[in-house]
Amino acid sequence: MRLVVLLLLVSNVIYLGWELDREAKALVANSSPALITPAGTTALKIIDKKTGMPELKSSLERSRPTRVLLPVRRQL
């Protein structure tokens, strides 16, 4: 009886290892490939106060007019 229980335990451990290996292979097969960058591409750089580079303006600041014209009130 001990031999049967031991065989079942060993077979379950082997089956578990096989399933984990199969799942890992499936994840690798379904994952997207690594991105290949063109040869002339440079590395990204962080722009902040530490590097001494000027801060970039947000798109909202660029779209705002620098001067607002108000309508002229005509006197009667």
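Residues numbered from 1 in each chain as written. Predicted model: local features only at pLDDT ≥ 70, side-chain atom pairs only at ≥ 80, totals over all residues. Heavy atoms only, no water.

Focus: the pattern of salt bridges
Next, step 1: The tally for this structure, following the rule as stated, stands at two salt bridges.
Next, step 2: Salt-bridge contacts for Glu-19 lead to Arg-22; the nearest nitrogen and oxygen are separated by 3.3 Å. Of this pair, Glu-19 and Arg-22 both sit in helix H1 (residues 2–30), three residues apart, which is roughly one turn of the helix.
Next, step 3: For Glu-19, a relative accessible area of 22% corresponds to the partly exposed category.
Next, step 4: Overall, the relative accessible area of 47% leaves Arg-22 in the partly exposed class.
Next, step 5: Notably, a salt bridge pairs Lys-25 with Asp-21, separated by 3.4 Å at the nearest N-O pair. Placement of both Lys-25 and Asp-21 in helix H1 is noted, with a separation of four residues, approximately one turn of the helix.
Next, step 6: Lys-25 gets classed as exposed once you look at its relative accessible area, which sits at 55%. (Salt bridge = Lys/Arg side-chain N within 4 Å of Asp/Glu carboxyl O. Helix = DSSP H or I, 4+ residues; strand = E, 2+ residues; numbered from the N terminus. Buried < 20%, exposed > 50% of the residue type's maximum accessible area, 1.4 Å probe, protein only.)

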